[in-house]
Amino acid sequence: MRKKWNLLIIFIAIAIISILVDIYFDEKSICLFYNTYGVACPSCGMTRSYIALLHGDIHKAIYFHPLFWAVPLLLIFYKKKRIFYSIALLFIVVWVVRLFLYFPTREPFNFNENAIFPKLYRTIKNKF
């Protein structure tokens, strides 16, 4: 019985944190990689992919992230290093291909001009 209450408390805490993050980051990304480098991370689009999948739109789920199906495999094989690293490498390869195909104008690979490194680059460029 205590275990069920702990899960309920965790679920409620996650829901409250999600609402607060949504309010604070209204129309902004919470991705540290994206806000630092200005480009999407290897898992970019994964949340939108699962939301599309929950709505029954498999085509849109694949569009947002073609490896949404591989996340459960990562969780299952996290102790089997060879399989885990193979799937992780697949994520990197797909990320590079998606960068070449979609970057910088196509969702979810929009360029963030307000990220730290692009701002730093512009500052250095303007001084020299």
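Quick caveat, the model's predicted, so the values are computed rather than measured.

Caption draft 1: Structural context of the overall build of the chain. A count of helices and strands for the chain gives seven helices and zero strands. Along the chain, helices and strands appear, N-terminal first, in the series α-α-α-α-α-α-α. With the C-alpha coordinates of the chain rotated into their principal frame, the extents come out at 65 × 35 × 30 Å. Here the chain holds 128 residues, and the buried ones make up 23% of them. Summarising the internal contacts of the chain: among those between residues at least 6 apart in sequence, 48% fall at separations of at least 24.

Caption draft 2: Focus on the nonpolar core. Ranked by size, the top nonpolar core spans 10 residues in total: Met46, Ala52, Ala61, Leu67, Phe68, Ala70, Leu74, Ile87, Phe91 and Val94. Listing elements by their share of this core, those giving two or more residues are helix H3 (46-54), helix H5 (70-76) and helix H6 (81-102). Broken down by element, this core gets its largest block of residues, three residues, from H6. Not counting residues within four places of it along the chain, the set of residues in contact with Phe91 comprises Pro42, Met46, His65, Leu67, Ala70, Val71 and Leu74. If you look at the next biggest cluster of nonpolar residues, it comprises six residues, including Ala40, Cys41, Trp95 and Tyr102.

Caption draft 3: Representation of the side chain of Arg98 within the structure. Assignment of secondary structure puts Arg98 in helix H6. Once you skip the residues sitting within four places of it in the chain, Arg98 turns out to touch Cys44, Tyr63, Phe64, His65, Pro66, Phe103, Pro108 and Phe109.

Caption draft 4: Examining the packing of aromatic side chains more closely. Per the stated rule, a full pass over the model turns up nine aromatic pairs. Relative to Tyr85, the ring of Phe84 has its centre 5.7 Å away and its plane inclined at 70°; by these criteria the two rings are edge-to-face. Phe84 sits in the partly exposed class, given a relative accessible area of 26%. Taken together, the ring pairs connect Phe33, Tyr37, Trp95 and Phe117 into an aromatic cluster.

Caption draft 5: Spotlight on the environment of Phe103. Within the secondary structure, Phe103 sits in the loop between H6 and helix H7 (116-127). Residue Phe103 is classed as partly exposed on the basis of its relative accessible area of 29%. Between the alpha carbons of Phe103 and Trp5 there is a distance of 45 Å; along the sequence they are 98 residues apart. If we ignore the near neighbours within four places in the chain, the residues touching Phe103 are Gly38, Val39, Arg98, Phe109 and Phe111.

Caption draft 6: Up close: the confidence of the model for the chain. Across the chain, the average pLDDT comes to 84, with 92% of residues at 70 or higher. Helix H1 (residues 2-24) is the least confidently modelled element of the chain, averaging 75 in pLDDT, while helix H4 (residues 58-64) averages 91, the highest of any element.

Caption draft 7: Summary view of the environment of Ala15. Within the element layout of this structure, Ala15 appears in helix H1. On a C-alpha basis, the gap between Ala15 and Asn35 in space is 23 Å, while along the polypeptide they are 20 residues apart.

Rules and cut-offs
- Residues numbered from 1 in each chain as written.
- Predicted model: local features only at pLDDT ≥ 70, side-chain atom pairs only at ≥ 80, totals over all residues.
- Heavy atoms only, no water.
- Helix = DSSP H or I, 4+ residues; strand = E, 2+ residues; numbered from the N terminus.
- Buried < 20%, exposed > 50% of the residue type's maximum accessible area, 1.4 Å probe, protein only.
- Contact = heavy atoms within 4.5 Å.
- Core = buried A, V, L, I, M, F, W, Y, C linked by side-chain atoms within 4.5 Å.
- Phe/Tyr/Trp six-rings, centres within 6.5 Å; stacked < 30°, edge-to-face > 60°.
- pLDDT = per-residue confidence, 0-100.

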